[in-house]
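Structure at a glance
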Amino acid sequence: VDINARGVMSALRAVTRGGESIVTRKALFSSDSKWIFVCCGNVVHMYSQRSRELVQVLAQHQALVTGIELNADNLFQLFSISLDGHLIVWDYTDAAVLKDIDFGVPLYNIAMRPSGRSKSLCLVLKSGDGDNSRVAKCITWKSLTEQAQLSSPSEYLDKADVLLRIASKADIVFTANGEHLVSYNTSHLLVYDFNSDGLYCYPHNFKITCIAAHPVTCCVATGDSHGHIIIWYNVFELNSEPVTTRLQWHAHAVHSLCFTSDGTFLLSGGEESVLVLWQLDKNLKQFRPRLGASAIQQISLSPNDNYFAISLQSNIIQVLSGMDLSVEYVIGGLRTAKLQLNQDGVKTGIVLEPYSQCIAMNGHPGHLQFYDVEQNKLWLEVWLTHNSAQLATCFVTSTT
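A few points on the structure. (Residues numbered from 1 in each chain as written. Predicted model: local features only at pLDDT ≥ 70, side-chain atom pairs only at ≥ 80, totals over all residues. Heavy atoms only, no water.)

We now examine the pattern of salt bridges. By the definition in use, this model includes one salt bridge. For the salt bridge of E328 with R52, the shortest nitrogen-to-oxygen distance reads 3.1 Å. Residue E328 is found in strand β30 (residues 327-332), and its partner R52 is found in the loop between β5 (43-48) and β6 (54-59); the two are separated by 276 residues along the sequence. Residue R52 is classed as partly exposed on the basis of its relative accessible area, which comes to 39%. (Salt bridge = Lys/Arg side-chain N within 4 Å of Asp/Glu carboxyl O. Helix = DSSP H or I, 4+ residues; strand = E, 2+ residues; numbered from the N terminus. Buried < 20%, exposed > 50% of the residue type's maximum accessible area, 1.4 Å probe, protein only.)

Before going further, it helps to spend a moment on the side chain of Q369. Here Q369 lies in strand β33 (residues 367-372). With relative accessibility at 0%, the residue Q369 sits in the buried group. At a separation of 2.8 Å, a polar atom in the side chain of Q369 contacts the main-chain carbonyl oxygen of N362. Apart from residues no more than four positions distant in its own chain, Q369 is found in contact with L334, R335, I359, A360, M361, N362, G363, L378, L380 and E381. (Polar contact = N/O pair within 3.5 Å; in protein donor to acceptor, adjacent residues only side chain to side chain. Contact = heavy atoms within 4.5 Å.)

Moving on to the side chain of S294. Position of S294 relative to the elements: it lies in the loop between β26 (284-288) and β27 (296-301). The buried category is assigned to S294, whose relative accessible area is 7%. At 3.0 Å, the side chain of S294 forms a polar contact with the side chain of S314. Contacts of S294, omitting those with residues within four sequence positions, involve S273, L312, Q313 and S314.

Time to look at unusual backbone geometry. Glycine aside, the phi torsion of most residues is negative, and most peptide linkages are trans. Positive phi, close to 60°, is recorded for T186, a residue that is not glycine. A residue is classified by how much of its surface remains accessible, and T186, at 44% relative accessible area, is partly exposed. Unusually for a residue other than glycine, Q357 sits at a positive phi of about 60°. Looking at where Q357 falls in the secondary structure, it is placed in the loop between β31 (351-353) and β32 (358-362).

Okay, the nonpolar core next. By size, the foremost hydrophobic cluster in this structure holds 31 residues, and its most contacted members are L164, L181, V182, L189 and V191. Formed by 19 residues, the second largest nonpolar core is a distinct cluster that contains V89, I110, L121 and L125. (Core = buried A, V, L, I, M, F, W, Y, C linked by side-chain atoms within 4.5 Å.)

On to the pairing of strand β18 (residues 198-203). The alternating pattern of β18 places G198, Y200 and Y202 on a buried face and L199, C201 and P203 on a face that is not buried. Of the pairings in the sheet, the one linking strand β17 (residues 188-193) to β18 comprises six bridges and is antiparallel in character. Each bridged residue has a counterpart across the sheet, and for H188 the counterpart in β18 is P203. Hairpin connection between β17 and β18: a loop of four residues separates the two successive antiparallel strands, and D197 in this loop has a positive phi of roughly 55°. (Pairing = 2+ DSSP bridges.)

So, about the packing of aromatic side chains. This model, assessed by the stated rule, comprises seven aromatic pairs. Geometrically, the ring pair formed by F76 and Y92 is tilted, given 6.4 Å between the ring centres and 35° between the ring planes. Taken together, the positions of F76 in strand β8 (residues 74-82) and Y92 in the loop between β9 (86-91) and β10 (96-102) put the pair 16 residues apart, joining distant regions of the chain. You can call Y92 buried: its relative accessible area is 1%. On the basis of an interplanar angle of 45° and a centroid distance of 6.5 Å, the ring pair of Y202 and W232 is categorised as tilted. You can see Y202 sitting in strand β18 and its partner W232 sitting in strand β21 (residues 228-233), a full 30 residues away along the chain. Its relative accessible area of 7% is what places Y202 among the buried residues. Residue classification places W232 among the buried residues on the basis of a relative accessible area of 4%. Every member of this aromatic cluster is reached through a ring pair, and the members are F37, F76 and Y92. (Phe/Tyr/Trp six-rings, centres within 6.5 Å; stacked < 30°, edge-to-face > 60°.)

Below you can see the structure in the form of structure tokens.
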């Protein structure tokens, strides 16, 4: 509420206090696996693996955070990008902003070239062709910092060459040796070779939905809209025919892929809400079913492979043990209520629970959720039987 000089209410403003999606981007583990970073609206949340609590909020962006990446040369620094066009370098231990660079255009994704090479960042922005496609440009950090002092960073980014033209929601990954940048555009695998400045394009029969690069050997894995996982070999040489291996279990689209640190296992997930572990050398697979009533959106692993962060469409992240795939803890966001088409509004309403100061409302069918607005996290979710659902709703309502 805006109050004018006379103390009279002049206007009402809607302010976002929480409930943003925490699953649009992969969770990111620190290099020592002690912390986990989660994009949440305009901020980045940092959780402790030991206490499992929120310990830092990295807040500086003015629009949706679209990507985070660790600095390969300083593992206590974190890069974040946003639709506000800013690239921010954080000292995440103190939540301190070390550098804030304004490119003046929305940024959609970020990837950092592996250490040992020239420190380069790949940024994804709009193509400018009037469609929903994106372009990937690579910039060196040294040149960027020098240009930022001499001229506008946006001019430096404009002059950078377009390496790839990719789909609007496509991931970008570097190969293990840092010599290739890989992505996709609809049904084509795209590979850019930094040594030869060449672009290789390989067709696929179906729409590609996700990609992952092997951490040791020069091969990549893609998932598609028909549930196929393709391992691509021999795609980094000019005039060479690709060699592929197909893995099949998923009946629907594959949403995310991720290799373990040694490349022995490939993890996949999709609409079935089942995590599949593929042991590539022995052609074996292992399953972790019943992760939730919603699709797997993202999969990320800690560097020591002790933890798997599984982001679900229901706006929660389940952190699993890498040893036995049991659930270690859950990072919960505001759950989206599934309502009938002929139903107006939220059936229970939005009610303040006086004891915890949380809001109570519908969650998944048959569930009541209590959301802590101050901490921006799911405090409690209660499963209700069909017979007691109406009584529980009336009880919560009567406490206001």
